[in-house]
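Residue strings, one per chain:
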Amino acid sequence: MQKKLLLWLLLALLLLPLTAAEIKDNTLYLEVLLSEGKSLNIKSRDSNPALLTIKEVNSPIERQIQGNSFSISFMNRDKLPFWGFLNCIEPIGIHTMDEENVIRQTIVWEDGKLRLKNERMVFEPISFGNRDEALLYASETGIPAQQIRAIPMINATVKICTGADDYYFETPLHIKSEKDIQVGGLNLGFCGEFILKAMGEKLVLTQYLSLEDYVGGVIQNEIGSSAPLEALKTQAVAARTHAIKLLLYNRHTPDGYDLCNGTHCQVYKGQYLSNANIRTAVSETAGEVLTLDGLIADATYHSSCGGKTDSSANIWRSTPLDHLMGVTCISDCDSLDLSTASGAKAWLNTSLSDPEASSWERATLNWSRQISRSKLAKNLGLKSISKIEVLKRGNSGRVILMKITGNKTVTLNSEYKIRQVFGNLPSSFFYITSFGSTISLKGKGSGHGVGMCQVGALRLARNGWQYPQILEKYYPGTTISRDWIEQ
Ligand SMILES: [Zn+2]
Ligand SMILES: [Zn+2]
């Protein structure tokens with residue numbers, strides 16, 4: 001058994017905290033994941049070379065390296081231990097210096113304000129080169145396996161290779177690029193400040209940017225850069241609020257960043273598609289988030305409700321929230337109870353058209369899909385299907401409980417699962433129009449149906465609504481707050 005004292009980790013005491021979320025000049029700065037892996041690649045986005053300015057966090061010296069492609073890999077990965085037993089997490093200040101520890105920052109919301117709390121993760125003074133060794137030790141000594149954590153490798157040496165030259169640095173690194181770079185295999189543009197760090201066995205490259213810049217990058221993917229200004233502003237406030245809510249879950253803290261750049265958090269692909277309208281929408285709503293009784297609101301959103309939005313309690317079987325109970329989005333369906341089979345069918349048979357809507361918006365208003373009965377059976381792990389029953393619909397009409405009978409009976413209890421098994425349906429608001437060797441569906445809506453409806457927000461903005469009114473419609477009872485950062 002390998003037991004090593006992590007003397008190198010004591011160096012961590014001198015370093016910056018692991019996550020770089022910080023508050024400067026009344027603005028929150030975040031680290032958003034761009035790429036992670038045992039090695040990473042950065043490229044120039046065009047044929048001209050990129051110029052990276054690189055600085056080790058602990059050193060005042062900046063170095064500039066130029067190239068069309070930069071491959072980054074570990075130099076000393078194999079020499080360092082990665083796995084340890086987490087003893088405790090404690091606030092900074094009561095720590096004894098003889099224990100090994102890692103500093104981290106946790107984001108909390110207290111007394112109506114967002115603040116950063118510094119904490120130490122204190123590890124037992126033993127560690128292991130791989131997880132299996134740690135697991136073996138745990139089983140022999142009775143330590144619960146869930147206490148095994150990857151210890152962030154803070155000061156690993158990396159090699160950056162441009163093809164022409166090799167450069168060596170101690171992580172973490174600050175990297176700057178004034179021109180768009182491409183990261184990993186994705187042809188997306190990023191410029192600005194980046195952080196490269198070692199987390200366990202992985203290198204992690206993040207973009208370090210203000211919440212406002214992040215929101216500007218999210219909007220273009222979420223609602224499109226050609227949307228009317230008031231819809232862009234609505235999306236900006238929702239995306240900013242949602243980002244804060246996600247930060248408070250601290251779910252990526254162990255990964256070494258604040259938010260990932262995929263649908264798990266919010267899709268962020270850099271600023272390169274940003275236009276003047278998006279910049280205006282961000283600056284004219286600067287710092288605005290939705291709060292409710294002094295707490296940050298849950299400003300979840302989706303593409304298109306199809307008529308009414310649903311309650312978060314129906315869709316996620318969670319505690320009901322007053323501002324996410326569901327509202328009528330298209331007034332023509334107000335008098336229909338879409339949670340009943342007859343109400344849902346009547347509305348699904350009503351053809352909707354909106355000449356001002358773009359083609360993607362219109363595609364969410366009425367859709368039809370087909371799936372072969374054998375394919376559906378296969379998706380459910382069944383040999384045959386004889387009957388499909390809708391047992392429950394939410395108030396948006398989305399099917400939230402469904403029973404499928406065949407050689408076995410399968411119950412599907414979430415709109416997401418239902419969409420998946422029928423072949424990635426836009427939404428679970430549908431009814432079955434024919435049931436033969438092919439199953440035909442007629443539906444409306446796209447996405448989970450909770451919170452703001454983007455198609456609805458676009459329609460209201462075209463009808464002259466201002467963004468505070470649109471937000472109040474989809475998140476009733478919430479307040480737009482500007483002063484929520486603890487200095
Ligand atoms: Zn995420
Ligand atoms: Zn809607």
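Residues numbered from 1 in each chain as written. Chains lettered and ligands numbered in written order. Predicted model: local features only at pLDDT ≥ 70, side-chain atom pairs only at ≥ 80, totals over all residues. Heavy atoms only, no water.

Caption draft 1: Representation of the domain arrangement of the protein within the structure. Splitting the protein by domain gives domain 1 (7–210), domain 2 (214–299 + 453–481) and domain 3 (301–450). A straight line from the C-alpha centre of domain 1 to that of domain 3 covers 42 Å. (Domains from an automatic or database assignment.)

Caption draft 2: Main features of the coordination of the zinc ion (ligand 2). The zinc ion (ligand 2) binds to the protein through Cys 305 (SG), Cys 329 (SG) and Cys 453 (SG); the donor distances cover 2.2 to 2.3 Å. Along the chain, the residues that donate to the zinc ion (ligand 2) are spaced as C-x23-C-x123-C. One end of the pair, Cys 305, is in the loop between strand E18 (301–302) and helix H6 (312–316); the other, Cys 453, is in strand E25 (residues 452–453), with 148 residues separating them in the sequence. By the burial criterion, Cys 305 is buried, and Cys 453 matches it. (Donors = N, O, S within 2.8 Å, 3.2 Å for Na, K, Ca; no water. Helix = DSSP H or I, 4+ residues; strand = E, 2+ residues; numbered from the N terminus. Buried < 20%, exposed > 50% of the residue type's maximum accessible area, 1.4 Å probe, protein only.)

Caption draft 3: Representation of the packing of helix H11 (residues 454–462) against helix H12 (residues 467–474) within the structure. Interhelical geometry of H11 versus H12 gives an angle of 145 degrees and a closest axis separation of 10 Å. Handedness of the H11/H12 crossing: right-handed. Counting all contacts with H11, which are made through Gly 456, Ala 457, Leu 460 and Ala 461, the residues of H12 involved are Ile 470, Lys 473 and Tyr 474. Of the residues assigned to the contact of H11 with H12, the class counts are five nonpolar, one polar and one charged. (Axes fitted to C-alpha atoms, helices over the stretch in contact; angles between N-to-C directions. Left-handed = near helix turned anticlockwise from the far one by under 90°. Contact = heavy atoms within 4.5 Å. Nonpolar A, V, L, I, M, F, W, Y, C, P; charged D, E, K, R; others polar.)

Caption draft 4: How the structure looks around unusual backbone geometry. In this model, Thr 171 is joined to Pro 172 through a cis peptide bond whose omega is 0 degrees. Tracing the backbone shows Pro 172 in the loop between strand E12 (166–170) and strand E13 (173–183). One non-glycine residue, Asp 111, lies in the positive phi region at around 50 degrees. Relative to the helices and strands, Asp 111 resides in the loop between strand E8 (100–110) and strand E9 (113–128). For Asp 111, a relative accessible area of 73% gives the class exposed. One non-glycine residue, Asn 424, lies in the positive phi region at around 50 degrees. Following the sequence through the fold, Asn 424 ends up in the loop between helix H10 (415–421) and strand E23 (430–435).

Caption draft 5: A look at the pattern of salt bridges. Within the structure shown, the criterion is met by 17 salt bridges. Notably, a salt bridge pairs Arg 45 with Asp 180, separated by 3.8 Å at the nearest N-O pair. Highlighted residues: Arg 45 in the loop between strand E3 (39–44) and strand E4 (50–56) and Asp 180 in strand E13, separated in sequence by 135 residues. The exposure class of Arg 45 is partly exposed, given its relative accessible area of 29%. Linked through salt bridges whose partners overlap, the residues forming this network are Glu 110, Arg 115 and Glu 486. (Salt bridge = Lys/Arg side-chain N within 4 Å of Asp/Glu carboxyl O.)

Caption draft 6: Region of interest: the nonpolar core. If you look at the biggest cluster of nonpolar residues, it comprises 109 residues, and the most contacted ones within it are Leu 196, Leu 211, Tyr 214, Ile 244, Tyr 474 and Tyr 475. It is helix H4 (residues 229–249) that provides the largest number of residues to this core, a total of 10 residues. What Tyr 474 contacts, discounting residues up to four positions off in sequence, is Thr 309, His 323, Val 327, Cys 329, Gly 451, Met 452, Cys 453, Gly 456, Ala 457 and Leu 460. Within the second largest apolar cluster, 20 residues are counted, among which are Ile 371, Leu 380, Ile 388 and Leu 441. (Core = buried A, V, L, I, M, F, W, Y, C linked by side-chain atoms within 4.5 Å.)

Caption draft 7: Focus on the side chain of Thr 285. Its location among the elements puts Thr 285 in the loop between helix H5 (276–284) and strand E16 (289–292). Sequence-distant contacts of Thr 285, defined by excluding residues within four places in its chain, comprise Lys 233, Ala 236, Val 237, Arg 240 and Tyr 467.

Caption draft 8: Local environment of the coordination of the zinc ion (ligand 1). Here the zinc ion (ligand 1) is held by His 252 (NE2), Cys 260 (SG), His 264 (ND1) and Cys 265 (SG), and the distances to it run 2.0 to 2.3 Å. Geometry at the zinc ion (ligand 1) is tetrahedral, judged from its four donor atoms and the angles of 100 to 120 degrees they form at the metal. If you list the donors of the zinc ion (ligand 1) from N- to C-terminus, the spacing comes out as H-x7-C-x3-H-C. Note that His 252 is positioned in the loop between H4 and H5 and Cys 265 in the loop between H4 and H5, a separation of 13 residues in sequence. Residue class for His 252 comes out buried when judged on its relative accessible area of 7%. Residue Cys 265 is classed as buried on the basis of its relative accessible area of 6%. (Tetrahedral: all angles 85-135°; square planar, octahedral: opposite > 155°, others 65-115°.)

Caption draft 9: Representation of the environment of Val 32. Structurally, Val 32 is set in strand E2 (residues 27–37). Along the chain, Val 32 and Arg 63 lie 31 residues apart, while their C-alpha atoms are 24 Å from each other. Beyond its immediate chain neighbours, meaning those up to four positions away, Val 32 contacts Leu 205, Thr 206, Gln 207, Leu 209, Tyr 214, Leu 259, Cys 260, Asn 261 and Tyr 268.

Caption draft 10: View of the packing of aromatic side chains. Enumeration over the complete set of coordinates arrives at eight aromatic pairs. Measuring from centroid to centroid gives 6.1 Å for Phe 190 and Tyr 268, while their planes differ by 40 degrees, and the two rings are tilted. Of the two residues, Phe 190 sits in strand E14 (residues 190–199) while Tyr 268 sits in the loop between H4 and H5, which places them 78 residues apart along the sequence. Each member of the pair, Phe 190 as well as Tyr 268, is classed as buried. (Phe/Tyr/Trp six-rings, centres within 6.5 Å; stacked < 30°, edge-to-face > 60°.)

Caption draft 11: Fine view of helix H7 (residues 341–348). Those residues of H7 that fall on the buried side of the exposure criterion are Gly 343, Ala 344, Trp 347 and Leu 348. For H7, the angular spread of the buried residues around the axis is 125 degrees, confining them to a single face. Pointing more than 90 degrees away from the buried face of H7 are the exposed residues Ala 341 and Ser 342. Elements in contact with the buried residues of H7: strand E20 (385–393), E23 and strand E24 (438–443). (Arc of directions from axis to C-beta.)

Caption draft 12: Structural view of H5. Of all the residues in H5, the buried ones are Ile 278, Ala 281 and Val 282. Down the axis of H5, the smallest arc covering the buried residues is 95 degrees, so these residues share one side. Turning to H5, the residues buried within the fold contact helix H3 (211–222) and H4.

Caption draft 13: View of the environment of Thr 285. Classification of Thr 285 as buried rests on a relative accessible area of 0%. The sequence separation of Thr 285 and Leu 324 amounts to 39 residues, and the corresponding C-alpha distance is 22 Å.

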